[in-house]
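Tertiary structure, described
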Amino acid sequence: MHKNRFSRVGYVLAIAGSAIGLGNIWKFPYITGENGGGAFVLVFLLAVFSIGISIFIAEVILGKIVKKDAVTTFEVLSPKKHKYFKYIGFTFITGILIISFYPIVIAWILHYTVLSFTTLPASVDLAEKYFVNYSQTNLLSQISYFTFVFFLIAFIISKGIKKGIERLNNMLIPALFIIFILMFFYSLTLSGFPKAMEFMFKVDFENFDTNSILIAVGHAFFCLSVGVVTILTYSASISEDTHILKATLFVVIMDVLTAFLSGLIIFTIIFSADANVDKGVGLVFITLPAIFSDMGFAGTIFAIFFFLALAFAAITSAVSMIEPAIMYLMERKGYKRLKATITVSAFAYSLGLLAILSFSNDFKDYLTFYGRSFFDWLDFSTSAIMMPLGGIAISIFVAYIADKEVIRKALEPYLGKFLFSLWLIVLRYLTPFAIFVLMLKEAGLVSF
């Protein structure tokens, strides 16, 4: 049985790999600058260390207590009169939907990594034309990279906990931080660093409002990879000598540090080049490539490191999204790991192909519904509806439904009585309310 368990370090790096994703690197920097800099960072940190960490610990302890797949976990811990709560475990479906479109972005990243070795677009206008043309017309290249990414993810998953997931994260997470640290020290030598510090951390209440608070809470929730039972599933393979609170704090700090480092690096580059601040896809695939091109040889090296770091963060997150479904098929349906991997991967891959086609000029009219492309619907349904619902369901289950003595006995040795009581209060009252309001906002049902 031990061969199917994470080592203590392996577990920490695996859940760090799950939590640290593209949102930390390309979303956090922009939303920080747009929503009041230091004021936003303060609210984000408060949200991470209250709402985010409370549900994170809830998933960890559920996995550690039962040591089974998500559906079995909720089934075992549900009182007889509340057996329908076992269906919370099926939130792993959210992960399958995410893994269908997430590798498309990884495919773009790999394409730009290769492009960095040759010629990046020389201006923002050229970079924008290149990206639009590539995403809308170059289906063969996108599908080729997408297929490679999917085979890589499936291969890693098929190798299991120790030889696949742990080995991957033991290599890529340290490599990711080494790359970021090297890039950060180089950023210190550039003229834009002081302005980047000011942009991200100066308290600016003129750009900070109620909406900013919700954005900070939302990012705190999403950047920890909670609500899709990935942390629960990884924690089912936790080693007995792992200290839950220490492991959780280490992962959360690594997650926040990645966001801060990436923000300082990205905006130092942008301000050093006197470029405009863009967001999301535009920031990574349009603004930065043009700046890297203008930096000459140093820009080439920087581009290669930057896109490799993005790829590492994305692949470790992608692997975690697929594992809960694999474990379910293995433990509940008796599938061998290889068969389970092929089954889940084939379904997600098919959805991913449709998502790629929904960008293309030839097919987008057939794959656009109510003003959103198939890709956009996958993104919207998972981030605005399914992940928040999963988060609310998990917090309510642990706070109200599961046997409190079972939870207390498992968790109090790590938290102590005071922190356990505080954690339960946050999980019982603050977390469901905050996530529900966030879900209404994300779904466009309320505005502030």
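Below is a short write-up of the structure. What you see is a predicted model, and the numbers here were worked out from it, not measured in a lab. (Residues numbered from 1 in each chain as written. Predicted model: local features only at pLDDT ≥ 70, side-chain atom pairs only at ≥ 80, totals over all residues. Heavy atoms only, no water.)

What follows concerns the nonpolar core. Counting 169 residues, the largest nonpolar core has Phe285, Phe306, Phe307, Phe397 and Trp423 as its most contacted members. Ranked by residue count, the leading element in this core is helix H14 (residues 297-333), at 19 residues. Residues contacting Phe285, with those up to four places away along its chain left out, are Trp26, Val105, Trp108, Ile109, Tyr112, Ala127, Phe131 and Phe307. (Core = buried A, V, L, I, M, F, W, Y, C linked by side-chain atoms within 4.5 Å. Buried < 20%, exposed > 50% of the residue type's maximum accessible area, 1.4 Å probe, protein only. Helix = DSSP H or I, 4+ residues; strand = E, 2+ residues; numbered from the N terminus. Contact = heavy atoms within 4.5 Å.)

We now examine helix H5 (residues 92-116). Compared with the 36 Å implied by 1.5 Å per residue over 25 residues, the 36 Å span of H5 between its first and last C-alpha is a close match. Of all the bends found along H5, the most pronounced is centred on Ile99 and spans about 30°, while Pro103, a proline, follows it within four residues. Across the 25 residues of H5, 23 count as buried, placing the element largely inside the fold. (Expected span 1.5 Å × (residues − 1). Bend = angle between axes of the 7 residues up to and from the residue.)

Structurally, Ser395 is set in helix H16 (residues 374-401). Ser395 sits in the buried class, given a relative accessible area of 0%. In this structure, Ser395 is in contact with Leu427, Thr431 and Pro432, ignoring residues within four places of it in sequence.

This paragraph deals with the layout of surface pockets. Reported here for the largest pocket is a volume of approximately 1,400 Å³. Taken together, 41 residues line the largest pocket, and the ones lying closest to its centre are Gly23, Trp26, Lys27, Asp379 and Ser383. Every element with two or more residues in the lining of the largest pocket is listed here: helix H1 (8-19), helix H2 (22-34), H5, helix H10 (210-222), helix H13 (280-294), H14, H16 and helix H17 (404-442). (1 Å grid on protein atoms, 1.4 Å probe; cavity = no way out; pocket = protein on both sides within 12 Å on 5 of 7 lines; lining within 4 Å. Points joined across faces, edges and corners; volume = space filled by probe spheres on them.)

With that settled, the discussion passes to the packing of helix H3 (residues 38-66) against helix H12 (residues 244-272). Look at H3 against H12: their axes get within 10 Å of each other, and the N-to-C directions meet at 140°. Relative to H12, the element H3 is oriented oblique. Every pair of crossing elements has a handedness; the one defined by H3 and H12 is right-handed. Facing Val41, Phe44, Leu45, Val48, Phe49, Ile53, Phe56, Ile57, Val60, Ile61 and Lys64 of H3, the residues of H12 in contact are Ile244, Leu245, Thr248, Leu249, Val251, Val252, Ile253, Val256 and Phe260. Here the contact of H3 with H12 is composed, by residue class, of 18 nonpolar, 1 polar and 1 charged. (Axes fitted to C-alpha atoms, helices over the stretch in contact; angles between N-to-C directions. Parallel < 35°, antiparallel > 145°, perpendicular 65-115°, else oblique. Left-handed = near helix turned anticlockwise from the far one by under 90°. Nonpolar A, V, L, I, M, F, W, Y, C, P; charged D, E, K, R; others polar.)

Going through the model one piece at a time under the given rule, you end up with 41 aromatic pairs. For the pair Phe205 and Phe208, a centre-to-centre distance of 6.2 Å together with 80° between the ring planes defines the contact as edge-to-face. Note on Phe205: relative accessible area 60%, which makes it exposed. Above the face of the Trp377 ring, Arg372 is positioned so that its terminal group lies 5.3 Å from the ring centre. It is Arg428 that lies over the ring of Tyr400; its NZ or CZ is 5.3 Å from the centre. (Phe/Tyr/Trp six-rings, centres within 6.5 Å; stacked < 30°, edge-to-face > 60°. Lys NZ or Arg CZ within 6 Å of the ring centre and 35° of its normal.)

Our focus in this paragraph is the pattern of salt bridges. One pass over the structure, following the stated rule, counts 10 salt bridges. A salt bridge links Lys67 to Glu240, with the nearest nitrogen and oxygen atoms 3.0 Å apart. On the criterion of sequence distance, the pair formed by Lys67 in the loop between H3 and helix H4 (70-77) and Glu240 in the loop between helix H11 (230-235) and H12 is long-range, its members being 173 residues apart. Here Lys67 falls in the partly exposed class, since its relative accessible area comes to 22%. Accessibility expressed as a relative area gives 52% for Glu240, which makes it exposed. Between Glu75 and Arg332 there is a salt bridge whose closest N-O contact spans 2.8 Å. Here the residue Glu75 occupies a position in helix H4, and Arg332 occupies one in helix H14, the gap between them amounting to 257 residues. We classify Glu75 as partly exposed; its relative accessible area is 23%. Here Arg332 falls in the partly exposed class, since its relative accessible area comes to 33%. (Salt bridge = Lys/Arg side-chain N within 4 Å of Asp/Glu carboxyl O.)

Let us now look at the environment of Leu351. Here Leu351 is to be found in helix H15 (residues 337-357). Separated by 336 residues in the primary sequence, Leu351 and Ile15 have C-alpha atoms spaced 26 Å apart. With near-sequence residues (within four places) excluded, Leu351 lies in contact with Leu97, Ser100, Phe374 and Leu378.

Attention now moves to H2. Here H2 is 13 residues long and its end C-alpha atoms lie 18 Å apart, about the 18 Å a rise of 1.5 Å per residue gives. At Phe28, H2 shows its maximal kink, close to 40°; a proline, Pro29, follows between one and four residues later. Three or more residues of H2 are buried, namely Leu22, Asn24, Ile25, Trp26, Phe28, Pro29, Tyr30, Ile31, Thr32 and Gly33. Phi turns positive, to about 100°, at Gly36, one or two residues after H2.

Our next topic: the packing of helix H8 (residues 160-187) against H14. Running from N to C, H8 and H14 point in directions that differ by 150°, and their axes come no closer than 9 Å. Relative to H14, the element H8 lies roughly antiparallel. H14 is crossed by H8, and the crossing has left-handed handedness. Here the residues of the contact of H8 with H14 are counted per class, giving 22 nonpolar, 3 polar and 1 charged.

What follows covers the environment of Leu430. Tracing the backbone shows Leu430 in helix H17. Judged by relative accessible area, Leu430 falls into the partly exposed class, the value being 38%. Sequence separation between Leu430 and Ser54 is 376 residues; the distance between their C-alpha atoms is 9.8 Å. The residues contacting Leu430, other than those within four sequence positions of it, are Ser50, Ile51 and Ile425.

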